Amino acid sequence: MKPRIAILISGGGSNMVSLVNSMKSNRINALPAIVISNNPNAAGLKKASELDVPTISIDHKIFNGNREAFEETLNNTLQRETIDIICLAGFMRILSHSFINQWDNKILNIHPSLLPKYKGLNTHQRAIDASDKITGCSVHIVTSELDGGLVLGQKSVNISSDETAQTLAEKVLVEEHVLYSKILDDFINNIYVQ
Ligand code: GAR
């Protein structure tokens, strides 16, 4: 049986679209079971529906800062959908230790920098401000340390002299799409095909 993947998003969802397309065309041996957004207005929700992937929005705001209650609802949804692997794809909420421990080694994230450089936000501007010549993206296992889990793969991108955070984000995003599909496929093959 193919592993069932939940993709968690907060925004545009271009990485989600790329992962779903890779699964649908069997470039990843897995099923896109559900797309979940903490932001009910995320543009990615409509894109997922257009790709015939079920969607659920769990608006974190209605939990009034109670992260435990938000994560309980999230966890119940993941259990109900019998999810095997969670892919964070532009999901902009920090998950608690307790949630991550329940999904130990089952959560992947894509991050727009060459980790361990530039954990957190504004990665492209920080790379430009540091006069870096190269940046990129990383796929890693999610652990309790923010953007600190084992890096499974990276792709680099040259930073040109007239680069802005916006142009760099666009260039890196293209590489993110390629990298995430490849790494998710490798990850599944390592776990499920022994
Ligand atoms: C991507 O660049 C992803 O790496 C980044 O958000 C963007 C989402 O784009 N994620 C993070 O910064 C996580 N800390 P998308 O919604 O078009 O996939």
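Residues numbered from 1 in each chain as written. Predicted model: local features only at pLDDT ≥ 70, side-chain atom pairs only at ≥ 80, totals over all residues. Heavy atoms only, no water.

**Student:** Got a minute to help me understand the packing of aromatic side chains in this structure?
**Tutor:** Each aromatic ring pair is specified by the distance between its two centres and by the angle formed by the two planes. One pass over the structure, following the stated rule, counts one aromatic pair. Here the aromatic rings of Phe 63 and Phe 70 are separated by 5.8 Å at their centres, their planes lie at 70°, and the arrangement is edge-to-face. As far as burial versus exposure is concerned, Phe 63 and Phe 70 are alike and both buried. (Phe/Tyr/Trp six-rings, centres within 6.5 Å; stacked < 30°, edge-to-face > 60°. Buried < 20%, exposed > 50% of the residue type's maximum accessible area, 1.4 Å probe, protein only.)

**Student:** Quick question: what am I supposed to make of the site of the ligand here?
**Tutor:** Taken together, Gly 12, Gly 13, Ser 14, Asn 15, Gly 90, Met 92, Ile 110, His 111, Pro 112, Leu 173 and Glu 176 form the complete shell of residues around the ligand. Between an oxygen atom of the ligand and a side-chain N or O atom of Ser 14, the distance comes to 2.6 Å. Residue Glu 176 places a side-chain N or O atom 2.8 Å away from an oxygen atom belonging to the ligand. Of all the secondary structure elements, the ones that give two or more residues to the shell around the ligand are helix H1 (14-24), strand S5 (107-111) and helix H6 (165-192). In the shell around the ligand, the residues fall into four nonpolar, six polar and one charged. (Near = heavy atom within 4 Å. Polar contact = N/O pair within 3.5 Å; in protein donor to acceptor, adjacent residues only side chain to side chain. Helix = DSSP H or I, 4+ residues; strand = E, 2+ residues; numbered from the N terminus. Nonpolar A, V, L, I, M, F, W, Y, C, P; charged D, E, K, R; others polar.)

**Student:** So what exactly am I meant to see when it comes to the pattern of salt bridges here?
**Tutor:** Side chains bearing opposite charge may pair, as long as their charged atoms lie close to each other. Counted by the stated rule, this structure contains seven salt bridges. A salt bridge links Glu 50 to Lys 46, with the shortest nitrogen-to-oxygen separation between them at 3.1 Å. Linking Glu 50 with Lys 46, this pair stays in helix H2 (residues 43-50), spanning four residues, or about one helical turn. No difference in accessibility class separates Glu 50 from Lys 46, as the two residues are exposed. Of the charged contacts, one joins Lys 117 and Asp 132 as a salt bridge, the two residues approaching to 3.2 Å between their closest N and O atoms. Of this pair, Lys 117 sits in the loop between S5 and helix H5 (123-129) while Asp 132 sits in the loop between H5 and strand S6 (134-141), placing them 15 residues apart in sequence. Classification of Lys 117 as partly exposed rests on a relative accessible area of 43%. The exposure class of Asp 132 is buried, given its relative accessible area of 12%. (Salt bridge = Lys/Arg side-chain N within 4 Å of Asp/Glu carboxyl O.)

**Student:** Can you walk me through the sheet that holds strand S4 (residues 85-88) in this structure?
**Tutor:** As a general point, the strands of a sheet are linked pairwise by backbone hydrogen bonds and lie either parallel or antiparallel. Ordered by their spatial adjacency, seven strands build an open sheet running S3-S2-S1-S4-S5-S6-S7, and the pairing between neighbours is mixed. Either end of the sheet is taken by a strand with one partner, and the two such strands are strand S3 (55-57) and strand S7 (151-158). The average angle at which neighbouring strand axes cross in this sheet is 20°, direction not considered. Looking at chain direction, S4 and S5 are connected through three bridges and run parallel. For Leu 88, the partnering residue across the bridge sits in S5 and is Asn 109. Along the sheet face, H2 touches strand S1 (4-9), strand S2 (31-37) and S3 and points at about 160° away from the line of S3. On top of the sheet, helix H3 (residues 67-80) reaches S1, S2, S3 and S4; it is set at about 165° to S2, its chief contact. (Pairing = 2+ DSSP bridges. Axes fitted to C-alpha atoms, helices over the stretch in contact; angles between N-to-C directions. Contact = heavy atoms within 4.5 Å.)

**Student:** Before we go on, may I ask you to explain the packing of H1 against H6 in this structure?
**Tutor:** Packed helices, taken two at a time, are described by their axes: the angle between them and the distance between them. Contact geometry for H1 and H6: axes closest at 9 Å, N-to-C directions at 40°. Considered as vectors, H1 and H6 are oriented oblique to each other. Between H1 and H6 the crossing geometry is right-handed. Taking contact as the criterion, the partners of Ser 14, Asn 15, Ser 18, Leu 19, Ser 22 and Met 23 in H1 are, on H6, Leu 173, Glu 176, His 177, Tyr 180, Ser 181 and Leu 184. The residue makeup of the contact of H1 with H6, split by class, is five nonpolar, six polar and one charged. (Parallel < 35°, antiparallel > 145°, perpendicular 65-115°, else oblique. Left-handed = near helix turned anticlockwise from the far one by under 90°.)

Shape is all these values report; function is a separate question.
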